[in-house]
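Read off the chains here:
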Amino acid sequence: MDYFKSKLFLKYIWSYLFILLIPLAFMTVFIYENAVKTLRTEIESSRLAQLSQTKVTIDSRMKELSEIASRISYDNRLSSYRVTNTQTSPEAIRALDQYKATSSMIDEIYLYFHDDKRIYSSKGLTDFEVFADNLSFESWDKQSLYNDLNETKHPTVRPADVVTKTGGVRDRKLAYLIPITPNSLNPHATVMVFIKESQITDLIDSILGNYQGLTFVLDVEGQILAANYQGDTLSTNASAALFNTITPGIQERRLDGKDHSIVSVQSESNGWTYMTVMPSSQFFSSVLDVRSFMMLILGIVVLVGVAVALVLARMQYQPISTLVEFASSRFPEKKNAGEPGYANELERIRSALQNYSSRIDLQEPFARNQYLSTLINFGNSDPLSPELMQLFDLKLDKDTLFVMVIGWNGSKHSDMELRRRIASCLAHIELPDLQATGYGVELPQLDRFGVIMSFDAIEGLEEISSIKQIMEHVRGMLLDTLSIAPMIAAGSGYRQLHELNQSYIEACSAFDLLVPGEFGTSALFEEMSKTPSHSFWIPNHMQLKLAQSLKQGNSDVASQMIRSSVSSLQSSMLPALLVRCISFDLLNTILKTASELGEHHMLQQIAPNMVFSSSLDELESVLLSLASQLCAEVNQDTQQEEQTLIDRIVDYIDTHFTDHNLSLDTLAYEFEVSPSHVSRSFKEKTGINFIQYIWQKRLDRVFHQLKTTDTPLKDLIQEVGYLDTPNFIRKFKKETGLTPGQYRKLHRTTTSDAGADSAS
């Protein structure tokens, strides 16, 4: 079977995939986000540690510059007198060059004495005007430079500025102005150190390693002293928002429409802030390996999940496909091309179950009656009986069981509705006061019903008294409900289901002894069997049960009565001649019953030596043989009568099947047998049930009429006895795959073509 052609199977696969993939997707996103977050935290923490190291390094370098300025202030070689003296000035220049060499950060070092027209560097003495002209600052003009050199009272660092030298060489430098003597209220000179911006940024980059982002060094006022943009930029607004509100630590900010990770530390010595600013998107580039690994794992899990989904979907779909195949085999659907089918297999199964349910609903009363009829006729020998009892909701689990036969005076046709009402009334009897439950059984006779009663013993009340009270309650129920006074006969109580056939035979025996026409009377077999008779030793009830079992063809009960009677005689202490005479009662009962049944030939089969010369055991064998033969002939006659009856019923149906009133009830009252007996016998003899037979007869007539006439469809359907036209059309289409109109058009065309061909 190609499962992938089934939409239901594909739905199962998708369902399992969703069940797998949704948690997997959430789990993957969670793990991935957690991994990114963890890695980001690690990177930011590492960046924070690196910035702390950068702070320590740069702070130490700046401290070195302050110490150099302090040494210069106390160095005699660099005193005002020696620097300005033409003889000692070369030594002073060399001293400045030595101080410059002590720090890798110094690009150039200058010494300026307040109000002097000259400035000194490691390269020599230069007139201030010439110095200012040779070094042109972009945002620091000559006058400002002169003022700052003369007026600076505290160490000051000017942010990196573009410096243009003579010849057009441009560079970005920081200027560090340190007044000397340090901490003096009236400094006399200023040491100015030039530091290339790249010197600071390179130092930071060397510590940060492979960092790709923005790097800033800010003073206490938030001005950028040095910056490394690495090809990126920040807008003025973003810079203002960033530098004015930044606090040391790790933060996330949205700058210029993008999320950024900001790491900063602040120096305790000079208040500088060291900062890195990196777009958050760059973190994802750091987790490419993690993402690739997770995608690989995800792909493997998805493939395994698809395989598992296929296996689970097939496991779930397998029983459904089996049910669909079974439903299709039992209820094949014939559909035209292009006609929509079932939405899925579950719809097909639902349709089959509805079909089964409708059939069960129709057949359950007959099946239930058949089961109960089997119980009273043959006992309970079927191992499936408990399951059947549960299916039919029968509760025959009380202490004592017995059977009643109920009859009433009714005419052939006038009491059809009355019989239905009686059947409904006796279908289920509940007598809580007597702890009794009963179920009605249709008997072959039209004017009789059987009832199987089950009751628990009531303390202080004898069993026979309980049976009598149950009989009276049932009679009162029928009288109050239906205003009829039936004749009721009951068999003895038994403990096991398989003994119900004996109670039924006893009830039939008691019913036969009732005076015909005396309705409202009742008889209890156990009491009637005690009536004195001409038999002295064989109990009367045994002879009654023997006669009734022979009439019903029940050889098991008949054999049981014969063996029980003979055993009683053998165990008695009577003389042999008297025992022999008494045993003739059994023979007389058999012969009398045979005569009543019209089997007169049995007397001729008895030879004198079979009776007078044989022992009691041999006589028992003769009696058993006669009883078995008589029961076999009764059953054969019954089967022949039933076959004759069914033949008559079939002929009647073939004649009247177009009558819309034709039903099991009408047949039952026409042939004076119960509806359940008609149904059971009809199915046994014809192989199909009554409804199917009627439908097929009507369908065949419709086929013929559609092919040969132009009678309107509604009239045609009513002519065959079907009043529900839409329902007939649905059943017709289900049977043939065509509507009646399509069938007529197809077959009339074919017939016309065939006629034309034969004419030509």
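The shown structure was predicted, so the numbers you read here are calculated from the model rather than taken from an experiment. (Residues numbered from 1 in each chain as written. Predicted model: local features only at pLDDT ≥ 70, side-chain atom pairs only at ≥ 80, totals over all residues. Heavy atoms only, no water.)

## A few points about the overall build of the protein
To be explicit about the condition: Each helix is a run of H or I in the DSSP string that is no shorter than four residues. Each strand is a run of E no shorter than two, and both are numbered from the N terminus. With a 1.4 Å probe rolled over the protein chains alone, any residue whose accessible area is under 20% of its type maximum counts as buried; one over 50% counts as exposed, and the rest are partly exposed. Residue contacts are counted whenever heavy atoms from the two residues lie within 4.5 Å of one another.
Regarding its fold elements, the protein presents 26 helices and 18 strands. Looking at the protein as a whole, 44% of its 760 residues are labelled buried. A separation of at least 24 residues holds for 64% of the contacts in the protein among residues at least 6 apart in sequence.

## What to know about the nonpolar core
The criterion, for reference: Residues grouped as a nonpolar core are buried Ala, Val, Leu, Ile, Met, Phe, Trp, Tyr and Cys residues, joined through side-chain atoms within 4.5 Å.
If you look at the biggest cluster of nonpolar residues, it comprises 42 residues, and the most contacted ones within it are Met62, Ile72, Leu78, Leu111 and Ile200. Tallying contributions element by element places helix α1 (residues 7–74) first for this core, with seven residues. Those residues in contact with Met62 that sit more than four places away from it in its chain are Met105, Val157, Tyr176, Ile195 and Trp272. Leu546, Ile562, Leu569 and Leu624 belong to the second largest nonpolar core, which has 29 residues in total.

## Topic: the environment of Gln705
Rule in force here: We call two N or O atoms a polar contact when they sit within 3.5 Å, provided that within protein one can donate a hydrogen and the other can accept it, with sequence-adjacent residues counted only if both atoms are side-chain atoms.
Structurally, Gln705 is set in helix α23 (residues 690–708). In sequence terms Gln705 and Ile717 are twelve residues apart; their C-alpha atoms lie 9.7 Å from each other. In this structure Gln705 touches Leu716, Glu719 and Arg744, once residues within four positions along its chain are discounted. Reaching out from Gln705, the side chain makes a polar contact with the side chain of His704 at a distance of 3.5 Å.

## Quick notes on the sheet that holds strand β11 (residues 258–266)
Using the following cut-off: Pairing between strands is defined by DSSP: at least two bridges between them are needed. Axes here refer to lines fitted to C-alpha atoms; in helices the fit is confined to the stretch in contact. Angles between the N-to-C directions go from 0 to 180 degrees.
The strand order β9-β8-β12-β11-β10 describes an open sheet built from five strands, whose pairing is antiparallel. A single partner strand is all that each edge strand has here, and the edge strands are β9 (224–228) and β10 (249–255). The average undirected angle you get between the axes of adjacent strands in this sheet is 20°. On the sheet, α1 packs against β10, β11 and β12 (273–279) and is oriented at approximately 40° with respect to β11.

## So, the pairing of β12
With respect to burial, β12 is a largely interior element, seven of its seven residues being buried. Residues Thr273, Met275, Val277 and Pro279 of β12 are buried on one face, and the alternating residues Tyr274, Thr276 and Met278, pointing to the opposite face, are buried as well. Across seven bridges, the pairing between β11 and β12 is antiparallel. Each bridged residue has a counterpart across the sheet, and for Ser261 the counterpart in β12 is Met278. In sequence, β11 turns back onto β12 through a hairpin of six residues, with Gly271 there showing a positive phi of about 80°.

## Here we look at the packing of helix α16 (residues 540–551) against helix α17 (residues 555–571)
How we decide: For classification, angles of less than 35 degrees are called roughly parallel, those exceeding 145 degrees roughly antiparallel, those between 65 and 115 degrees roughly perpendicular, and all remaining angles oblique. The sense of a crossing depends on the near helix, which, turned anticlockwise from the far helix by less than a right angle, makes the crossing left-handed and, turned clockwise, makes it right-handed. Gly is placed with the polar residues, together with every amino acid not listed as nonpolar (Ala, Val, Leu, Ile, Met, Phe, Trp, Tyr, Cys and Pro) or charged (Asp, Glu, Lys and Arg).
Their axes nearest at 8 Å, the elements α16 and α17 cross at an angle of 150°. In terms of orientation, α16 and α17 fall into the roughly antiparallel class. Considering only the axes of α16 and α17, their crossing is left-handed. Contacts from Met542, Lys545, Leu546, Ser549 and Leu550 in α16 reach Val557, Ala558, Met561, Ile562, Ser564 and Ser565 in α17. Considered class by class, the residues forming the contact of α16 with α17 number seven nonpolar, three polar and one charged.

## Concerning unusual backbone geometry
That bond from Ile180 to Thr181 is cis: its omega, 0°, falls within 30 degrees of zero. On the secondary structure map, Thr181 appears in the loop between β6 (170–180) and β7 (189–196). Even without a glycine there, the phi angle at Asp256 is positive, about 50°. Relative to the assigned elements, Asp256 resides in the loop between β10 and β11. Asp256 gets classed as partly exposed once you look at its relative accessible area, which sits at 43%.

## Quick look at the confidence of the model for the protein
Test applied: Confidence of the prediction at every residue is given by pLDDT, a number between 0 and 100.
Summing up the model confidence of the protein, the mean pLDDT is 81 and the portion of residues at 70 or higher is 86%. The lowest-confidence element of the protein is helix α19 (residues 608–612), averaging 56 in pLDDT; the highest-confidence one is strand β13 (residues 400–407), averaging 93. For the stretch residues 334–340, pLDDT sits under 50, and the model shows eleven contacts to residues farther than four places along the chain or on other chains. For residues 751–760, every residue scores under 50 in pLDDT, and the model assigns this stretch zero contacts once sequence neighbours within four places are set aside.

## Topic: helix α5 (residues 142–151)
Keep this limit in mind: Note that the arc is computed from the directions linking the helix axis to the C-beta atoms.
Those residues of α5 that fall on the buried side of the exposure criterion are Leu145, Leu149 and Asn150. The buried residues of α5 occupy an angular sector of 125° when projected down its axis, which confines them to one face. If you follow the buried residues of α5, they end up packed against β1 (108–113), β2 (118–121), α4 (128–134), β4 (135–137), β6 and β7. Where α5 begins, the capping side chain belongs to Asp141, and its oxygen is found 3.3 Å from the backbone nitrogen of Gln143.

## Structural notes on the packing of aromatic side chains
We count it as follows: Any two rings among Phe, Tyr and Trp, with Trp reduced to its six-membered ring, count as a pair given centres within 6.5 Å; such a pair is stacked if its planes are under 30 degrees apart, edge-to-face if over 60, and tilted if neither.
Summed over the entire model, instances satisfying the criterion amount to 22 aromatic pairs. Ring centres of Phe703 and Phe732 lie 5.6 Å apart, and the angle between their planes is 70°; on these two criteria the pair is classed as edge-to-face. A residue pair is termed long-range when its members are at least 10 positions apart, and Phe703 in helix α23 and Phe732 in helix α25 (residues 725–736) qualify at 29 residues. An identical accessibility class is assigned to Phe703 and Phe732; each is buried. Ring centres 5.1 Å apart and planes at 65° place the aromatic pair Tyr722 and Phe728 in the edge-to-face group. Grouping residues by exposure puts Tyr722 and Phe728 together as buried.

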